[in-house]
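Listed below, chain by chain, are the residues.
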Amino acid sequence: MTVGWSRADRHLRSPRRSVPTMDYKHIASTVADNLLNCSKDQTGWKVCKKTNEVTVHWRPSTEFPGNLYKGVGAVNGSPEKVWGCLEPVPDGLRVKWDNNVKRFELIEKIDDNVSVCRTVTPSAAMGLISPRDFVDVVLVKQYEDGTITSNATNVEHPDCPPKPGYVRGYNHSCGCFCVPIPGEPNKTQLLSFFQTDLGGFLPRSVVDSFFPSSMAEFYSNLAKAVKTLKDN
């Protein structure tokens, strides 16, 4: 069944909300619950791209007039090593290998697991997509089976208004799941979820072709980055 939204959580659909600090934890927790449901829900997905590293699926988003994309692939590396490349922290490894992340900034640390961050992306699709920035609340959560996750969605923050030179984009519930594979401690199943309103006035055809290719590149570059860690 496609994941739905309760009346109490429908405010998460709004891409332009001002959030009191006390609500960031609730929003992040709700996103984590919805992504966990998405990770278990096998209905309605259609394959749109397949490579050696990942199979990319899509289905209509329940949060905005666009698509929810899911990547499913296995990475040679322990969940801890894979997570080390994905961890959403300033000066982390991700800005070094992910071509779609130019800069990652901490706006406010809410607690040890929840933060508000700004991600800056470069131009893409041969310049058709201009530089963007995204402001999200991010929850890092680990489950009892050892799965490590990032869970994020767009918020507004008084310290990070829209900035000249960047189109403000809006991530809806998105994140990554680093899932241990039983019996294979040096291999990780990686689930990734993207549903992003890029903002601006992009043709739908550009958006629909960008995400599957971008996700395939994401998995390929991640695998190379983890291999580098393993070899050191």
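What you see is a predicted model; the values in this text were computed from it and never measured. (Residues numbered from 1 in each chain as written. Predicted model: local features only at pLDDT ≥ 70, side-chain atom pairs only at ≥ 80, totals over all residues. Heavy atoms only, no water.)

## Comments concerning the packing of aromatic side chains
Counted by the stated rule, this structure contains 6 aromatic pairs. With a centroid separation of 5.5 Å and an interplanar angle of 25°, the aromatic rings of Tyr 69 and Phe 211 are classed as stacked. One end of the pair, Tyr 69, is in strand E3 (residues 67-76); the other, Phe 211, is in helix H4 (residues 204-231), with 142 residues separating them in the sequence. Its relative accessible area of 8% is what places Phe 211 among the buried residues. Residues Phe 177 and Phe 193 carry aromatic rings whose centres are separated by 5.9 Å and whose planes lie at 75° to one another, so their mutual orientation is edge-to-face. Of this pair, Phe 177 sits in strand E10 (residues 174-181) while Phe 193 is found in strand E11 (residues 184-194), placing the two residues 16 residues apart along the sequence. Phe 177 sits in the buried class, given a relative accessible area of 3%. A connected cluster of aromatic rings, assembled from ring pairs, spans Trp 97, Phe 194, Phe 218 and Tyr 219. Across from the ring centre of Trp 45, 4.2 Å away, lies the NZ or CZ of Arg 59, which sits over that ring. (Phe/Tyr/Trp six-rings, centres within 6.5 Å; stacked < 30°, edge-to-face > 60°. Helix = DSSP H or I, 4+ residues; strand = E, 2+ residues; numbered from the N terminus. Buried < 20%, exposed > 50% of the residue type's maximum accessible area, 1.4 Å probe, protein only. Lys NZ or Arg CZ within 6 Å of the ring centre and 35° of its normal.)

The analysis is restricted to geometry; functional conclusions fall outside its scope.
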